[in-house]
Amino acid sequence: MANPNFSIEFFPPKTAEGAEKLRVTRAKLSELHPKYFSVTFGAGGSTQRGTLDTVVEILAAGEDSAPHLSCVGGTRESIRAILAEFKSHNIKRIVALRGDLPSGYGAAGEFRYANELVEFIRQETGEWFHIEVAAYPEVHPQAKSPQDDLLAFERKVKAGANAAITQYFYNADAYFQFVDQTRKLGIDVPIVAGIMPITNYTQLMRFSDMCGAEIPRWVRLKLASFGDDSASIKAFGLDVVTALCERLLAGGAPGLHFYSMNQVAPTTALWQRLV
Ligand code: FAD
């Protein structure tokens, strides 16, 4: 199979030890030659420094890297300052998001939705950044309806996004349906599939409840049946996610974005099965 366009996501480390571990992880994952590494951004700017430091370090190692930028809780002035800092480090890619404020955080800030952030980035910096936005084949949990969510996605693209990365999912039909609907609206940006390796049952269930990803019943029951047998969970998870990736690529997905959870093994194992 030809090398598809694929990228790998990290979250910024919180400690010096975590930073050192991520350095090793990144060096190993670089051997897979991803197109770029993206680094998440805590809503309300909670990881702002860590996100920037991690991206700058990856760029200095000769790899391309994109900070995520979430606008919730931000002001025009604070986002303008962040964009200027990104530019000063010659960062050319951004994953632009609304984000979710932790409960009790207080004011929501001057941006309500991600399309407003994309519009602001274009106003302030023209075509400097390649902008990716989020897409939700299984519908964002706060959307009023699937149609509203699709129109919200269209607004982000019309505001100037170059491409999209999806929330993770395990149902390929949801992805193909979503892409079809966007094409019918005349949206032609690449929609890269977000891929979450399955390595831990409890963690997967918790994340999926929060972000609205559906775990098919047969996958859930099978994972639960393995109990604490982590090797069987990983082996079964690898089979399920490999089959998903193969179907997505065969069906025309322009690339894959791996939610690595800062781990080497799950992304590497999947990738080796695919190439
Ligand atoms: P939006 O596109 O603004 O949509 C949010 C919700 O509002 C949707 O339900 C949409 O239908 C609705 N909506 C949009 N416009 C309107 C309108 N005008 N009126 C009414 N409703 C509207 N979070 C982080 O905090 N940091 C990260 O680094 C991060 N990285 C991510 C990376 C990817 C690839 C993905 C898929 C998600 C990521 N997230 C991250 C999570 C994301 O921030 C949440 O899913 C968040 O709830 C929505 O962000 P968004 O950019 O999709 O928002």
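Being a predicted model, the structure only gives us computed values, none of them experimental.

Visitor: Explain the pattern of salt bridges here, please?
Guide: A side chain with one charge can pair with a side chain of the opposite charge if their charged atoms come near. What the rule picks out here adds up to 14 salt bridges. Close ionic contact of Asp64 with Arg93 constitutes a salt bridge, the shortest N to O distance being 3.4 Å. Here Arg93 lies in strand β4 (residues 93-97) and Asp64 lies in the loop between α2 (48-60) and β3 (65-70), a separation of 29 residues in the sequence. On the accessibility criterion, Asp64 (32% relative accessible area) is partly exposed. Classification of Arg93 by relative accessible area gives buried; the value is 10%.

Visitor: Which parts of the structure should I look at to understand the sheet that holds β3?
Guide: Sheets are built from strands paired through backbone hydrogen bonds, the pairs being either parallel or antiparallel. Ordered by their spatial adjacency, eight strands build a closed barrel running β1-β2-β3-β4-β5-β6-β7-β8, and the pairing between neighbours is parallel. Across the sheet, the mean angle separating the axes of adjacent strands is 30 degrees when strand polarity is ignored. Two elements, strand β6 (residues 163-166) and strand β7 (residues 191-195), share two bridges in a ladder whose sense is parallel. Among the inter-strand pairings, Ile165 is bridged to a residue of β7, identified as Val192. Helix-sheet contacts for helix α3 (residues 76-88) involve β3 and β4, and the interaxial angle to β3 is about 175 degrees.

Visitor: Is there a simple way to explain the nonpolar core in this structure?
Guide: As a rule of thumb, nonpolar side chains are buried together in soluble globular proteins. Ranked by internal contacts, the top residues of the largest apolar core, which has 76 residues, are Leu69, Phe153, Tyr170, Ile195, Leu248 and Leu256. Sorting elements by how many residues they give to this core places helix α9 (residues 230-250) first, with nine residues. Each residue touching Leu248, except ones within four places of it in the same chain, is listed here: Phe169, Ala172, Tyr175, Phe176, Ala193, Ile195, Ala253 and Leu256.

Visitor: Help me understand the packing of helix α8 (residues 217-225) against α9 in this model?
Guide: Two quantities define a packed helix pair, namely the angle between the axes and the distance from one axis to the other. Where α8 meets α9, the axes come as close as 10 Å, and the angle between the chain directions of the two elements is 160 degrees. Relative to α9, the element α8 is oriented roughly antiparallel. Judged by the twist between their axes, the crossing of α8 over α9 is right-handed. Counting all contacts with α8, which are made through Trp218, Val219, Lys222 and Leu223, the residues of α9 involved are Ile233, Phe236 and Val240. When its residues are assigned to classes, the contact of α8 with α9 shows six nonpolar, no polar and one charged.

Visitor: What exactly am I supposed to notice about unusual backbone geometry here?
Guide: Leaving glycine aside, a negative phi is the common case for residues, and trans is the common case for peptide bonds. Residues other than glycine seldom take positive phi values, yet His33 does so here, at roughly 60 degrees. Positionally, His33 belongs in the loop between α1 (16-30) and β2 (37-39). Although it is not a glycine, Met261 adopts a positive phi angle of roughly 55 degrees. Within the secondary structure, Met261 sits in the loop between β8 (255-259) and α10 (265-274). Residue classification places Met261 among the partly exposed positions, given a relative accessible area of 26%.

Visitor: How should I be thinking about the site of the ligand in this particular structure?
Guide: Taken together, the neighbourhood of the ligand is formed by 23 residues, with Phe41, Asp100, Tyr136, Asp149 and Lys156 sitting nearest. Here Arg98 contributes a backbone N or O atom positioned 2.8 Å from an oxygen atom of the ligand. At a separation of 2.7 Å, an oxygen atom of the ligand approaches a polar side-chain atom of Tyr136. If you tally residues by element for the shell around the ligand, the top one is helix α5 (residues 146-158), at four residues. Of the residues in the shell around the ligand, the class split is eleven nonpolar, seven polar and five charged.

Visitor: Where do I start with α5 in this structure?
Guide: With 13 residues, α5 extends 18 Å between its outermost C-alpha atoms, agreeing within 8% with the 18 Å of an ideal straight helix rising 1.5 Å per residue. Those residues of α5 lying buried are Asp149, Leu150, Phe153, Glu154, Lys156 and Val157. Along α5, the residues classed as buried sweep out an arc of 160 degrees about the axis, all on the same side. Turning to α5, the residues buried within the fold contact α4 (114-125), β5 (130-135), β6, α6 (172-184) and β7. Downstream of α5 by a residue or two, Gly160 has a phi angle that is positive, lying close to 130 degrees.

Calculation rules
Numbering of residues starts from 1 in every chain and runs along the sequence as written. It should be noted that, the model being predicted, local features are given only for residues of pLDDT at least 70 and side-chain atom pairs only at 80 or more, the latter also being counted only at that level, while totals for whole chains, interfaces and linings use all residues. Side-chain figures throughout are based on the complete set of non-hydrogen atoms in the structure, without hydrogens or water. Whenever Lys or Arg places a side-chain nitrogen within 4 Å of a carboxyl oxygen from Asp or Glu, that contact is recorded as a salt bridge. Every helix listed is a DSSP run of H or I at least four residues long, and every strand listed is a run of E at least two residues long, numbered separately from the N terminus. Classification of residues uses two cut-offs on accessible area relative to the type maximum, computed with a 1.4 Å probe and protein chains only: under 20% is buried, over 50% is exposed, and between them is partly exposed. For two strands to count as paired, DSSP must find a minimum of two bridges between them. Orientation is described by lines fitted to C-alpha atoms, with helices fitted over the stretch in contact, and by angles between N-to-C directions that extend from 0 to 180 degrees. Contacts are assigned to residue pairs that have any heavy atoms within 4.5 Å of one another. The nonpolar core is taken to be a set of buried Ala, Val, Leu, Ile, Met, Phe, Trp, Tyr and Cys residues, with the residues joined through side-chain atoms within 4.5 Å. In what follows, roughly perpendicular refers to angles from 65 to 115 degrees, roughly parallel to angles under 35, roughly antiparallel to angles over 145, and oblique to any angle outside these ranges. Crossings are assigned a handedness: left-handed for a near helix turned anticlockwise from the far helix by less than a right angle, right-handed for a clockwise turn. Classification convention: Asp, Glu, Lys, Arg as charged; Ala, Val, Leu, Ile, Met, Phe, Trp, Tyr, Cys, Pro as nonpolar; all other residues, Gly among them, as polar. Residues are counted as near a molecule or strand when any one of their heavy atoms sits within 4 Å of it. Identification of polar contacts relies on pairs of N or O atoms within 3.5 Å, with a donor-acceptor requirement for protein atoms, meaning one able to donate a hydrogen and the other able to accept it, and with residues adjacent in sequence counted only if both atoms are side-chain atoms. Any helix carries an expected span of 1.5 Å times its number of residues minus one. Directions drawn from the helix axis to the C-beta atoms are what define this arc.

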